[in-house]
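# Chain and residue survey
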Amino acid sequence: ANPVDFEVTGWDISKMNLYQVVREPKYSNQTYQQTERLLEAVVPLPAAFNPDFIAANQSDRVDNIIKGNNREIINQIRLDVQNFKKKVDYVVVLWTANTEMYLTPEIDSIAELERRIDANESLPASVLYCYACIKEQVLYLNGSPQNTFHPAIIELAKQEGGLIAGNDFKSG
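Reading the values: the criteria
- Residues numbered from 1 in each chain as written.
- Predicted model: local features only at pLDDT ≥ 70, side-chain atom pairs only at ≥ 80, totals over all residues.
- Heavy atoms only, no water.
- Core = buried A, V, L, I, M, F, W, Y, C linked by side-chain atoms within 4.5 Å.
- Buried < 20%, exposed > 50% of the residue type's maximum accessible area, 1.4 Å probe, protein only.
- Helix = DSSP H or I, 4+ residues; strand = E, 2+ residues; numbered from the N terminus.
- Contact = heavy atoms within 4.5 Å.
- Disulfide = S-S within 2.5 Å.
- Phe/Tyr/Trp six-rings, centres within 6.5 Å; stacked < 30°, edge-to-face > 60°.

What follows deals with the nonpolar core. Ranked by internal contacts, the top residues of the largest apolar core, which has 35 residues, are I77, V91, L113, Y129 and Y140. When residues in this core are grouped by element, the largest group, nine residues, is from helix α5 (residues 125–136). Excluding residues within four positions of it along the chain, V91 makes contact with V81, F84, K85, V138 and L139.

Quick look at the structure:
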């Protein structure tokens with residue numbers, strides 16, 4: 001595989017394409033016109049969203065979410081990953097979304113994780129993405145400091161041979 005031959009896609013709670021995002025006022029001093037067509041082509045897939053775990057100031061952006069219960073959301077994420085795996089040799093999921101509120105108590109066993117998923121208990125989106133990635137055997141890199149890697153997630157990754165890493169790329 002050619003290391004410079006790659007595709008970018010992802011999920012977001014907003015439908016804005018990448019060009020619209022970089023044209024936001026906070027980036028307005030940058031020039032992106034030479035890449036406008038490339039950036040416009042990067043349109044996010046609908047995303048998992050649980051307002052219980054993110055700041056209320058994000059609610060204005062929400063217009064592109066996966067609807068359904070936990071299991072349906074996981075299945076859609078898995079389907080998105082499967083579709084992308086058909087296009088490329090390797091898939092890496094990099095969590096760079098907002099930091100989520102900690103989920104307490106932590107999920108201690110796979111049985112408890114499965115129970116919470118099937119009971120549609122309130123779970124952070126990062127846990128749903130991580131679970132889906134483990135099941136799809138793709139690398140999940142956690143770039144935010146929330147507690148995505150509960151003991152149950154780590155146990156599931158070991159059991160399934162999943163690859164998980166990272167804990168807040170910003171604080172070193």
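Considering all chains together, one arrives at zero disulfides under this definition. Of all cysteine sulfurs, the one in C133 lies closest to C130, which takes part in no disulfide; the gap is 6.7 Å. On the basis of relative accessible area, C133 is assigned to the buried category, the value being 0%.

Tallied over the full model, the rule gives three aromatic pairs. Pairing Y140 with F149 gives two aromatic rings, centres 6.1 Å apart and planes at 75°, and the pair type is edge-to-face. With relative accessibility at 0%, the residue Y140 sits in the buried group. For F149, a relative accessible area of 22% translates into the label partly exposed. Through successive ring pairs, a cluster of aromatic residues spans W11, W95 and Y129.

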